[in-house]
Amino acid sequence: MSEIDKQQIDRLYELMEREKGDQDMTAALRWAIFQLEQMGREKQTGDLVFRLAFTPEPEINSIMDTGAFNEIIKGYLVTAMQATGAEHDSIQAATDALDAIFDDTDAATARKAYREL
C-alpha cells in the first residue's frame, strides 16, 4: 500500500472519529476504508505475481526448497488423486511418499522429473 493510500485511510479514520454520532456517515466511512484497504491488498498481490513472473527459475527453486509450499503441494496431490477415484489408503501412502521426497529431492530435480514425463 502506498504512503498516499495510508494517509487517505488515516484521514478517513480521523473523520470517522469526528462523526461518531452519525451512524450513516460512520458506515460510509468504514466502507470507504475497507475499499481502500482491499485495493491495496489487490495491488500488492498483483505486484507479487508480476515479480514472480520474472523471477529466474533458480530463485523460484530456492523458494520451493524452503518447504513453505509443501502443504499446498500435498493438497494438490490429494485433490488430483481424489479426482481420479483413488482410495484413502492410496492417497495417504502418496502423501507419505511425498514427505520423503520433499526431504530427499530439491526443486530443480523435481522440476526436471516433471518436464521429462
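Residues numbered from 1 in each chain as written. Predicted model: local features only at pLDDT ≥ 70, side-chain atom pairs only at ≥ 80, totals over all residues. Heavy atoms only, no water.

Asks: Would you take a moment to explain a nonpolar patch on the surface for this structure?
Replies: Side chains of Leu48, Leu52, Ile63, Phe69, Ile72 and Tyr76 sit close together on the surface and give an oily, nonpolar patch of about 560 Å² of accessible area. For the nonpolar patch, the secondary structure elements donating two or more residues are helix H2 (23–53) and helix H4 (70–83). With respect to the secondary-structure elements, Leu48 resides in helix H2. A residue is classified by how much of its surface remains accessible, and Leu48, at 39% relative accessible area, is partly exposed. (Patch = residues over 30% accessible without salt bridge, like charges linked within 9 Å, V, L, I, M, F, W, Y side chains within 5 Å. Areas by Shrake-Rupley, 256 points an atom, 1.4 Å probe, with all protein chains shown as cover. Salt bridge = Lys/Arg side-chain N within 4 Å of Asp/Glu carboxyl O. Helix = DSSP H or I, 4+ residues; strand = E, 2+ residues; numbered from the N terminus. Buried < 20%, exposed > 50% of the residue type's maximum accessible area, 1.4 Å probe, protein only.)

Asks: Got a minute to help me understand the packing of helix H3 (residues 57–65) against helix H6 (residues 107–115) in this structure?
Replies: The axes of two packed helices give the description: the angle between them and the distance between them. Relative to each other, H3 and H6 sit at 110°, their axes nearing to 8 Å. With respect to H6, the axis of H3 lies roughly perpendicular. From H3, Glu57, Ile60, Asn61, Met64 and Asp65 reach across to H6, where they touch Ala107, Ala108, Arg111 and Arg115. Among the residues making up the contact of H3 with H6, the classes are represented as 4 nonpolar, 1 polar and 4 charged. (Axes fitted to C-alpha atoms, helices over the stretch in contact; angles between N-to-C directions. Parallel < 35°, antiparallel > 145°, perpendicular 65-115°, else oblique. Contact = heavy atoms within 4.5 Å. Nonpolar A, V, L, I, M, F, W, Y, C, P; charged D, E, K, R; others polar.)

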